[in-house]
Structure formats: structure tokens, C-alpha cells
Amino acid sequence: MSKIPTLPGITSTMVATSRIQMHVLSSGPEAGEPVLFIHGNASSATFWEETMLALPDGFRAIAPDLRGYGETEDLLIDATRGCGDWVDDLLALLDTLGIDRCHAVGHSLGGVVLFNLIATAPQRIKTATLVATGSPYGFGGCKGLNGELCWPDGAGSGGGTVNQTFVERMAAGDTTEEAGPAAPRVVMNTYYWKPPFRPAREEALLAAMLSEKVGPQRYPGDFKPSPNWPGVAPGVWGPINAISPLYVGDAVERFIAAHPKPPILWVRGADDQIVSDMSLFDVGTLGQLGVLPNWPGAEVHPPQPMIGQTRAVLERYAVAGGRFRELVFAECGHTPYIEHPDQFNAAFHDHLRHG
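Overview of the structure. (Residues numbered from 1 in each chain as written. Predicted model: local features only at pLDDT ≥ 70, side-chain atom pairs only at ≥ 80, totals over all residues. Heavy atoms only, no water.)

1. Details of the environment of Ala132
Secondary-structure assignment places Ala132 in the loop between strand 6 (125–131) and strand 7 (142–143). With 22 residues separating them along the chain, Ala132 and Gly110 place their C-alpha atoms 9.4 Å apart. If we skip the residues at most four places from it in the chain, Ala132 touches His107, Ser108, Val267, Arg268, Asp272, Val275, His334 and Pro336. (Helix = DSSP H or I, 4+ residues; strand = E, 2+ residues; numbered from the N terminus. Contact = heavy atoms within 4.5 Å.)

2. A short note on the sheet that holds strand 2 (residues 21–27)
As summarised here, the arrangement of the eight strands in space is 1-2-4-3-5-6-13-14, forming an open sheet in which the pairing is mixed. Edge positions in the sheet fall to strand 1 (11–16) and strand 14 (324–329), since each of these pairs with one other strand and no more. Each adjacent strand pair in this sheet contributes to an overall mean axis angle of 20°, direction not counted. Here strand 6 pairs with strand 13 (residues 264–269) via four bridges, running parallel. Within the sheet, the bridge partner assigned to Ala128 lies in strand 13 and is Ile264. In the packing of helix 2 (residues 84–97) onto the sheet, contacts are made with strand 1, strand 2, strand 3 (33–38), strand 4 (59–64) and strand 5 (102–107), and the angle to strand 4 comes to roughly 135°. (Pairing = 2+ DSSP bridges. Axes fitted to C-alpha atoms, helices over the stretch in contact; angles between N-to-C directions.)

3. A short note on the pairing of strand 5
By the criterion of burial, strand 5 is predominantly enclosed, with six of the six residues buried. Residues of strand 5 alternate between two faces, with Cys102, Ala104 and Gly106 on one and His103, Val105 and His107 on the opposite face, all of them buried. Where strand 3 lies against strand 5, four bridges are found, and the strand directions are parallel. Residue pairing across strands places Phe37 opposite Val105, the latter belonging to strand 5. Here strand 5 runs beside strand 6; their pairing, made up of five bridges, is parallel. Each residue of the ladder has a partner; that of Cys102, found in strand 6, is Ile125. Taken together, strand 5, helix 3 (residues 109–120) and strand 6 form a β-α-β motif whose crossover is right-handed. (Buried < 20%, exposed > 50% of the residue type's maximum accessible area, 1.4 Å probe, protein only. Right-handed = clockwise from strand over helix to strand, strands pointing away.)

4. Observations regarding the pattern of salt bridges
Following the criterion strictly, the structure yields 21 salt bridges and no others. Lys126 is paired through a salt bridge with Glu33; the nearest N and O atoms lie 3.2 Å apart. Residue Lys126 is found in strand 6, and its partner Glu33 is found in strand 3; the two are separated by 93 residues along the sequence. Residue Glu202 pairs with Arg185 through a salt bridge whose shortest N-O separation is 2.7 Å. Residue Glu202 is found in helix 6 (residues 202–210), and its partner Arg185 is found in helix 5 (residues 184–192); the two are separated by 17 residues along the sequence. Exposure remark for Glu202: the relative accessible area of 9% places this residue in the buried category. (Salt bridge = Lys/Arg side-chain N within 4 Å of Asp/Glu carboxyl O.)

5. Remarks on the pairing of strand 1
The sheet contact formed by strand 1 and strand 2 spans six bridges and is antiparallel. Pairing of Ala16 across the sheet is with Gln21, part of strand 2. Connecting strand 1 to the antiparallel partner strand 2 that follows it, the hairpin turn spans four residues.

6. Topic: the packing of aromatic side chains
Under the criterion given, the structure shown has 12 aromatic pairs. Aromatic rings pair up to connect Phe37, Trp48, Tyr337, Phe344 and Phe348 into one cluster. Taking NZ or CZ as reference, Arg268 lies 5.5 Å from the ring centre of Trp266, over its face. (Phe/Tyr/Trp six-rings, centres within 6.5 Å; stacked < 30°, edge-to-face > 60°. Lys NZ or Arg CZ within 6 Å of the ring centre and 35° of its normal.)

7. Considering the nonpolar core
In terms of nonpolar packing, the biggest core is built from 97 residues, with Phe37, Trp86, Met209 and Phe255 touching the most fellow members. Tallying contributions element by element places helix 3 first for this core, with eight residues. Leaving out residues up to four positions away in the same chain, Trp86 has contacts with Leu66, Arg67, Tyr69, Ile77, Leu109, Val113, Pro239, Ala242 and Ile243. By size, the runner-up hydrophobic cluster in this structure holds five residues, among which are Trp151, Ala155, Trp229 and Val283. (Core = buried A, V, L, I, M, F, W, Y, C linked by side-chain atoms within 4.5 Å.)

Purely geometric numbers; function is a separate question.
Here you go:
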């Protein structure tokens, strides 16, 4: 049983794969058409429960806690492989469950993982749904629609860019609002959804957020001093280093060249402050706004155009024979499936049925 209370109809199990012991939430008939749910950063499978239970008849929901999160075995993430550890873990899970092909949906960091899953094993994915996805080029430290690094060492991305007070509060399991803007509860209610929205299961979602493994080799990851602004470059461990553009490699080109090409639904909130072309979590934005000193300017280190990069990659995917549809929800932050579940499920279920 999960340490975090689950909704009626959700089953919590530990699955021993060839790589890792994964905590998995599931719902629906065991013989149903499988849908793999991939959660984002500072969350867990718990975030998907209502969406899982809302699936149409005949579908089976499978939502693992990724390595580094929730109640999955605490093994380190080798960031130098980019999303490789997560992709290999998910493929091992599908193999263990005897699933050849599935639909897949990824939120935020989980969307970046899903881009990489398609790049690695497109034949395993029937349809893909990207929800408030991070850029396929990673998070921070890059510019332009082709994801060019701002600095050769990836400075401006990785573990050193995360607010250290927030990391300390996460490690302490802080459920209060005493740390102000750096308190996990305040961060969640300010950025995960558009205020004044508050989810009915706020306490369970906060517990899921706080279940992330924290430490120098875990969240957010290690970092190196850099001569380049803002003075920190990615290390080699942990989730925020794993989504550094420094370690993306050829994943974008492999995604575009994937065969077969699963049809893609991309859903995002118009008011997302985490993933946008002016993300408040990106040092380029914070430099331009004057929050971080000594910003070298827009030529050198602009805000990362996350939405523009994602659209440019999906357009190349379409030119190469794929299909995608972009939906933007008004009055919506970073979690469309929680903030506007009816609107999200209508589009999601249609995509599952018809691609």
C-alpha cells in the first residue's frame, strides 16, 4: 500500500523489474488497453489518480513513480545519460507487465521523458499526450528554436539553478507556509496551478511533492562552479541535471526520425509560469527581470523559448510524417488535467480512441 492515501479504485503495488523496484498505481481492467502515465518533477503518480479513474471503459491506467520520486526504489539517476535511466526503467516496467504497446501521457518533466521514450522505442507507443511538457531540448541554459547551448558547459541549467531554500524545505518535509515563497506548499499553490485555484486533494498532492528523494546526488543534483553566468554548471547526478540541455545528445533528432510516429496531443495552460517562453524558473528570465545580477544580455543568455522550441520540434516531426495537435487552455497554469479535468479528459479520451 502507498504511504499516500489513494482514491477508491486505485491499486498500489511494487513491481520488481530487471532494473529497479517500481511503485505503481493502477486502475481499470487488467486486460484493458494500457495507458502509461508519466509524472513531472516534484510530484509522483499520485497526481494522476483522478485522470486515471476517468478513463473510458476498456482502458487500463498504469502510473509508476519515476526513479528519484515517490516510493520507487531509491537508485541514483545518471544525468549524463539524459533521460536514459527513466526511459530504460519504463521499458523494463512494460516488459515485466507483458505490455508490448501502450498509450502514453507525460506531464512537465514526464513530457521530456516521453519525447525520449518515443525516440528510443517508438514501436511501443500507440498515442502520446504531452501535458505542459518541458522542451525536448531540456530545461534552462539554451536558446533559439534549435536549443543551442548558451555556454559550452551548460551553465544556467542543472542542479545548481534550483532555489536552495526550497531544496532544504523539501528535504525537511515542510508542509507549512513559514518559508514564504520557498515553502513547498506555497510553490505548489503559486505555480502548479493558476491562483486562486486549490485542488480538493491538496494534502495528498503536497505529500506526493514531498516524496521526491532529496540530496546532493538526488534532487536537485550536484553542480559545478562555472566561469560563465550565472556561475553554475550541471553536475552528473539527479533529475534536474538529467534534463539539462548539456546531456540531450541526439534525442531530438531520433525523436523526429522515429518510426512509426505515434500521433501526439500537446495540451498546455495559457498561464503556465513553469514552462513558457518566459519561465520564472529559468535563469535567463530571472536575469532579464533583474532578479539575478550581472545578466550578460539577450544575445548571450536569453530566456529559453520553451514553447517555441517544442512547437518547432513537433512541426519538424509533422513534416517527417508525424501528426500533432496543440491545445491551449485559457485560465490555466501548469496542470491542465487537474485545473480543467472535464476539458482535458474530453480531448485526451478522443485522442486515445482516434489518435
